[in-house]
Amino acid sequence: HILPTAEIFTFAYSQDRFPVPDWMESILQNQPIKNHSKIFEDENSKFIILSCHFYNCWRGRAACVAETCGGITDRFWQIPYYLWLARQSGRYFLIRFSTPHPLDQFYVPPKGGLDWRLPAGTFIDEELERHGNRSFSEMRNQRRMQWHQHIFKPQWKKERVIFANTNLAHLNTEQVAGFKTIDVIAGMFRRMFQPTPL
């Protein structure tokens, strides 16, 4: 068994080999790590957060239970769509996977990449608490939403934070947004994720 060398790792993660469309490159440069904290200071900032969080609010259940979010492929496959949607709606894109483990235990943003992490100690902590205690019908219905059909409606446009977990919503991104996920996901991944240092 041969462990990968630094050269192999660098080759595998080379962004030059995996280009992305100009619109995606633009949004990936929109919240780099060096000024990530500033986006929470601006009261006009709005967010769309791809989440897998606890859910504990239906009658008859005393303990918190986890959302069903699928495996890592199910979760990552939706990211190009949400990047596109964030750009269309003028929102910042973030990720908060609380279950089964925080995502940054496994991946972190690469140097100069988009900082998708949601730090503690911001106003979004309260939003997460509210999100975890939403009604069963809210949880069920939002998991089926195709957000491009709803995010500009007055009900949602006014919301500063939108949490999305739509593994049940099967999207044709080519029809909706003009790109095929299979064509952009490799380049997106290399610009957003690298293994967490040991």
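Residues numbered from 1 in each chain as written. Predicted model: local features only at pLDDT ≥ 70, side-chain atom pairs only at ≥ 80, totals over all residues. Heavy atoms only, no water.

1. So, the overall build of the chain
Which entries qualify depends on this criterion: Helix and strand definitions follow DSSP, with helices as H or I runs of at least four residues and strands as E runs of at least two, each counted in order from the N terminus. Here the term buried applies to any residue with accessible area under 20% of the maximum for its type, exposed to any over 50%, and partly exposed to those in between, with areas from a 1.4 Å probe on protein chains only. We call two residues in contact whenever any of their non-hydrogen atoms come within 4.5 Å of each other.
Helix and strand counts for the chain come out as 9 helices and 7 strands. With 198 residues in all, the chain has 44% of them scored as buried. Long-range contacts, defined here as pairs at least 24 residues apart, represent 78% of the contacts in the chain between residues at least 6 apart.

2. A short note on the pattern of salt bridges
The line we're drawing: Any carboxyl oxygen of Asp or Glu that lies within 4 Å of a side-chain nitrogen of Lys or Arg is treated as forming a salt bridge with it.
Counting across every chain of the model gives 2 salt bridges. Between Arg-191 and Glu-25 there is a salt bridge; the shortest N-O distance is 3.2 Å. Here Arg-191, found in helix H9 (residues 181–192), pairs with Glu-25, found in helix H2 (residues 22–28); they are 166 residues apart in sequence, far enough to count as distant. Since its relative accessible area comes to 8%, Arg-191 is described here as buried. Arg-117 is the partner of Asp-115 in a salt bridge, and the nearest nitrogen-oxygen pair spans 2.9 Å.

3. Looking at the sheet that holds strand S6 (residues 161–164)
Pairing between the strands of a sheet is mediated by backbone hydrogen bonds and can be parallel or antiparallel. Note the threshold: Think of it this way: DSSP has to see at least two bridges between two strands before they count as a pair. As a rule, the C-alpha atoms of each element are fitted with a line to give its axis, helices using only the stretch in contact, and angles between N-to-C directions run from 0 to 180 degrees.
Strand order across the open sheet formed by 3 strands is S4-S1-S6, with parallel pairing between neighbours. In the strand order of this sheet, the two ends are held by strand S4 (92–97) and S6, each with one partner. If you compare each strand with its neighbour and ignore which way they point, the axes differ by 25° on average. Sheet analysis places strand S1 (residues 47–52) next to S4, joined by 6 bridges and oriented parallel. By the bridge assignment for S4, Cys-52 is matched with Phe-97. Packing of helix H5 (residues 124–132) onto the sheet brings it into contact with S1, S4 and S6, and relative to S6 it is tilted by some 45°.

4. Focus: H5
Since one α-helical turn is 3.6 residues long, residues separated by three or four positions face the same way. Short version of the rule: The arc in question is the one spanned by the directions pointing from the helix axis to the C-beta atoms.
Every buried residue belonging to H5 is among Ile-124, Leu-128, His-131 and Gly-132, and all of these are buried. Down the axis of H5, the smallest arc covering the buried residues is 95°, so these residues share one side.

5. Focus on the environment of Lys-180
Considering the arrangement of structural elements, one finds Lys-180 in the loop between helix H8 (173–177) and H9. For Lys-180, a relative accessible area of 40% gives the class partly exposed. When the C-alpha atoms of Lys-180 and Tyr-81 are compared, they prove to be 9.6 Å apart, with 99 residues separating the residues in sequence. Setting aside residues up to four positions removed in sequence, Lys-180 forms contacts with Thr-173 and Glu-174.

6. So, the packing of aromatic side chains
Heads up, the condition is: For Phe, Tyr and Trp, where Trp contributes only its six-membered ring, two rings pair if their centres lie within 6.5 Å, and the inter-plane angle classes them as stacked under 30 degrees, edge-to-face over 60, or tilted in between.
Under the definition given, this model contains 14 aromatic pairs. Seen from their ring centres, Tyr-107 and Phe-193 are 5.9 Å apart, and the 70° between their planes marks the pair as edge-to-face. With Tyr-107 in strand S5 (residues 107–108) and Phe-193 in the loop between H9 and strand S7 (194–195), this pair connects stretches of sequence that are 86 residues apart. Aromatic side chains Trp-116 and Phe-193 sit 5.3 Å apart centroid to centroid with 40° between the ring planes, which places their arrangement in the tilted category. Taken together, the residues Trp-116 in the loop between S5 and H5 and Phe-193 in the loop between H9 and S7 connect sequence positions 77 residues apart. Across the pair, exposure class does not vary: Trp-116 and Phe-193 are buried alike. By way of ring pairs, the aromatic residues Phe-76, Tyr-107, Trp-116, Phe-189 and Phe-193 are connected into one cluster.

7. Brief notes about the confidence of the model for the chain
Put simply, the rule is: The pLDDT score gives, residue by residue, the confidence of the prediction method on a 0 to 100 scale.
When pLDDT is averaged along the chain, the result is 80; 80% of the residues meet or exceed 70. Averaged pLDDT values for the elements of the chain fall to 55 in helix H1 (residues 6–12) and rise to 94 in helix H4 (residues 79–89).

8. Description of the nonpolar core
Definition in use: Residues grouped as a nonpolar core are buried Ala, Val, Leu, Ile, Met, Phe, Trp, Tyr and Cys residues, joined through side-chain atoms within 4.5 Å.
One finds Ile-79, Leu-83, Phe-93, Ile-95, Trp-147, Met-192 and Phe-193 to be the most contacted residues of the largest nonpolar core, which totals 37 residues. Among the secondary structure elements, those contributing two or more residues to this core are H2, S1, H4, S4, S6 and H9. Sorting elements by how many residues they give to this core places H4 first, with 7 residues. Residues contacting Phe-93, with those up to four places away along its chain left out, are Gln-31, Ile-48, Leu-50, Ile-79, Tyr-82, Leu-83, Ala-86, Leu-114, Asp-115, Trp-116 and Met-192. The next biggest cluster of nonpolar side chains, apart from the first, holds 11 residues, and it includes Tyr-92, Leu-118, Ile-124 and Val-161.

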